[in-house]
Amino acid sequence: MSSQRNQGGIVRIKELAMHVKHKVNLLGVVLEFSIPRKSQGTDYVCVLKIVDDSQQSPELLVNIFTSSIDQLPRVLSPRDLILLKNVMIKKHQAELSAVFYKDSSSFALFDGNSGSNLLPYQSSPQRFEITEAEERRINVLRQWCVGFEFSSGSNDYLLSLKDISEHRYFDLVCKVFHVSYDDSKGLWMLFVWDGTDVPPLSIPGKLEDEEHNPLPLHIESSPLDLETLRNFFPVGTVLRVSTDRSYENFGRYFTATGKWVRIRNMSCQVSSGMWHGLLQSSSKIRLFSDNDNVVWDYMRERISGGHGHMPIWTDPSSQFLTEVDWVNVASVTLMKIATQLQGNVRCCCIVRVVSIHPFQAEHYSSPNGSSEYTMKLTLEDPTARIHALLCGKEWVKFFGGSPPPDVLTKKIKMLLGMPEHEDGNDDMVRNPPWIKCFLHLKESDGGRNRVYYIRWTKLVTD
């Protein structure tokens, strides 16, 4: 047909309606892709969405089937191009799509940057030759990409981390800081950030369980090393997102680590009072460059939001349950303390106390006096959970002396957000309030051993 002759055998997307039930050649900009996985049959599958200079909406869906997962395309960067040969055009209701067959179709992926060479960085195992006319068309599409602002996708299901809720499917624009395999869970896990803070959660369970089954400090089975954590931003929640079990080779084929993406069709659940993201088998990834407007919007929201290192769920003028000795010291996040501060330093934090051990007031009635008292508190803010110790004279300062057991019990319950009629042996839900406190970091063994102490802080219950 004339469109094929004019484009060197390539059909433009807006003309595909004339080619339903026929095989054609296509060249498009890849905006979105699914992670390679096993299909319901014996093949492997991934799904792309592409556009060209003739049509940007609706985006064309391309279903790619191969006999090996290594033969599926792996898009490396935003605006990369894919040349598809001998793909079938289908129509379902009013929607057009293309189907890539393993025995007759072929593809090649190209860097989308203008001025790049014309060698594909990945192609089908079948012999793939590019004509001069196809090379000209690649250069035309590359040049068009330079000045075009691509869609970030529909806003119908788009949420920020601050707006998530349990068992709701949504899209998330975020930066992928890290991907690793959790051996204990047998799942891949992404660590993603959008600059906002996840909503604070209630804490279920019995306080008496803290001795033998303490609240975990993180979703992953083993903590990440300090070098990896230092690559995370110190403000905003880094959400842990586990993959579906159908993604057995996820880490090998996921190409967006360190990039801004839109994850489509994910969900969240709550585990041990922490948010935990879940990728579905139908989830897809849309790549963004660091200069895309949507990325600047998310970065600007955190920078100009006025909260700094304070959780967005608190107000700078809030009355906390505590008072600190130095009132004009800016607060920092637990992630900042845990990853970026070194040596014996003191920091002001705004946190919630999600657990205390021992929690029984009777434990703090030693005949030898308060100098022997040691209380372990589990603290959290939107960025991290840590353990901190409250000891000796600082314990006395915090609780206003050595109160009798009934008074101390009341204060502990207030700190934990427990109903007054409950005790730690009951199944219950705790809703800890935000408090302001000073943490004193002490390091030993060359920084490998880090202990946090609560100091210079007093609980105010009146």
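About the thresholds
Residues numbered from 1 in each chain as written. Predicted model: local features only at pLDDT ≥ 70, side-chain atom pairs only at ≥ 80, totals over all residues. Heavy atoms only, no water. Helix = DSSP H or I, 4+ residues; strand = E, 2+ residues; numbered from the N terminus. Buried < 20%, exposed > 50% of the residue type's maximum accessible area, 1.4 Å probe, protein only. Contact = heavy atoms within 4.5 Å. Areas by Shrake-Rupley, 256 points an atom, 1.4 Å probe, with all protein chains shown as cover. UniProt positions renumbered as here; feature names shortened; annotations may be inferred. Core = buried A, V, L, I, M, F, W, Y, C linked by side-chain atoms within 4.5 Å. Domains from an automatic or database assignment. Disulfide = S-S within 2.5 Å. Phe/Tyr/Trp six-rings, centres within 6.5 Å; stacked < 30°, edge-to-face > 60°. Lys NZ or Arg CZ within 6 Å of the ring centre and 35° of its normal. Arc of directions from axis to C-beta. Pairing = 2+ DSSP bridges.

**With respect to the overall build of the chain**
1) Next: Broken down by element type, the chain carries 8 helices and 22 strands.
2) Next: Principal axes of the C-alpha set define a box for the chain whose edges measure 95 × 45 × 45 Å.
3) Next: The buried share among the 462 residues of the chain stands at 50%.
4) Next: Taking contacts inside the chain between residues at least 6 apart in sequence as the whole, the part at least 24 apart equals 68%.
5) Next: Total accessible area computed for the chain in this model is approximately 21400 Å², and 47% of it derives from carbon and sulfur atoms.

**Re the UniProt feature "domain: Telomeric single stranded DNA binding POT1/Cdc13" (unreviewed entry) in the chain**
1) Next: Taken from the UniProt record, the annotation "domain: Telomeric single stranded DNA binding POT1/Cdc13" (unreviewed entry) applies to residues 10-146.
2) Next: Between the end C-alpha atoms of residues 10-146 the distance is 21 Å, and the span holds 11% helix and 44% strand.

**Notes on the nonpolar core**
A general trend in soluble globular proteins is that nonpolar side chains are found buried together.
1) Next: Counting residues in hydrophobic clusters, the biggest one holds 54 residues, and the most contacted among them are Leu26 and Leu84.
2) Next: Mapped onto the domain boundaries, this core takes at least three residues apiece from domain 1 (10-147) and domain 2 (158-305).
3) Next: Sequence-distant contacts of Leu84, defined by excluding residues within four places in its chain, comprise Val24, Asn25, Leu26, Ile50, Val62, Ile64, Phe100, Ser106 and Phe107.
4) Next: With 39 residues, the next largest nonpolar core counts Cys349, Met375, Ala388 and Phe399 among its residues.

**Notes on the environment of Ile454**
1) Next: Position of Ile454 relative to the elements: it lies in strand β21 (residues 449-455).
2) Next: Spatially, the C-alpha atoms of Ile454 and Ala388 are 6.4 Å apart, while their sequence positions differ by 66 residues.
3) Next: With sequence-adjacent residues up to four places away left out, Ile454 is seen in contact with Leu377, Leu379, Ala388, Leu389, Leu390, Glu394, Phe398, Cys437, Phe438 and Leu439.

**A word on unusual backbone geometry**
1) Next: Ser57 connects to Pro58 through a cis peptide bond whose omega is 0°.
2) Next: Its location among the elements puts Pro58 in strand β4 (residues 55-66).
3) Next: A cis amide bond, omega -10°, links His357 with the succeeding residue Pro358.
4) Next: In this structure, Pro358 sits in the loop between β16 (345-357) and β17 (374-381).
5) Next: The backbone of Gln93 shows a phi angle near 55°, a positive value even though the residue is not glycine.

**Focus on the state of the cysteines**
1) Next: Summed over all chains, the structure comprises 0 disulfides.
2) Next: This cysteine, Cys174, is not joined by any disulfide, and Cys268 carries the nearest cysteine sulfur, 11 Å off.
3) Next: Judged by its relative accessible area of 0%, Cys174 is buried.
4) Next: Judged by relative accessible area, Cys268 falls into the buried class, the value being 1%.

**What to know about the packing of aromatic side chains**
1) Next: As enumerated under the stated definition, the model contains 21 aromatic pairs in all.
2) Next: Look at Trp193 and Phe233: their rings are 4.4 Å apart centre to centre, the planes differ by 65°, and that puts the pair in the edge-to-face class. Separated by 40 residues along the polypeptide, Trp193 in strand β10 (residues 187-193) and Phe233 in the loop between α3 (226-229) and β12 (238-242) bring together distant segments of the chain.
3) Next: Residue classification places Trp193 among the buried positions, given a relative accessible area of 3%.
4) Next: Aromatic rings pair up to connect Phe177, Phe191, Trp193, Phe232, Phe233 and Trp260 into one cluster.
5) Next: Sitting over the face of the ring of Trp434, Arg352 holds its NZ or CZ atom 5.9 Å from the ring centroid.
6) Next: Directly above the ring of Tyr453 sits Lys442, whose terminal nitrogen or CZ lies 5.4 Å from the centroid.

**Some points on helix α7 (residues 392-399)**
1) Next: Within α7 the residues assigned to the buried category are Gly392, Glu394, Trp395, Phe398 and Phe399. Projection of α7 onto a plane perpendicular to its axis shows the buried side chains occupying an angular sector of 155°, all on one side.
2) Next: Residues of α7 that are buried in the fold lie against β15 (322-324), β17, β18 (384-391), α8 (405-416), β21 and β22 (457-459).
3) Next: Positive phi appears at Gly400, one or two residues downstream of α7, with a value of about 70°.

**Points about the pairing of β12**
1) Next: With respect to burial, β12 is a largely interior element, 5 of its 5 residues being buried.
2) Next: Judged by which residues are buried, β12 turns out to be covered on both faces: Val238, Arg240 and Ser242 on one side and Leu239 and Val241 on the other are all buried.
3) Next: In the sheet, β10 pairs with β12 via 5 bridges, with the strands oriented antiparallel. Across the sheet, residue Met189 finds its bridge partner in β12, namely Ser242.

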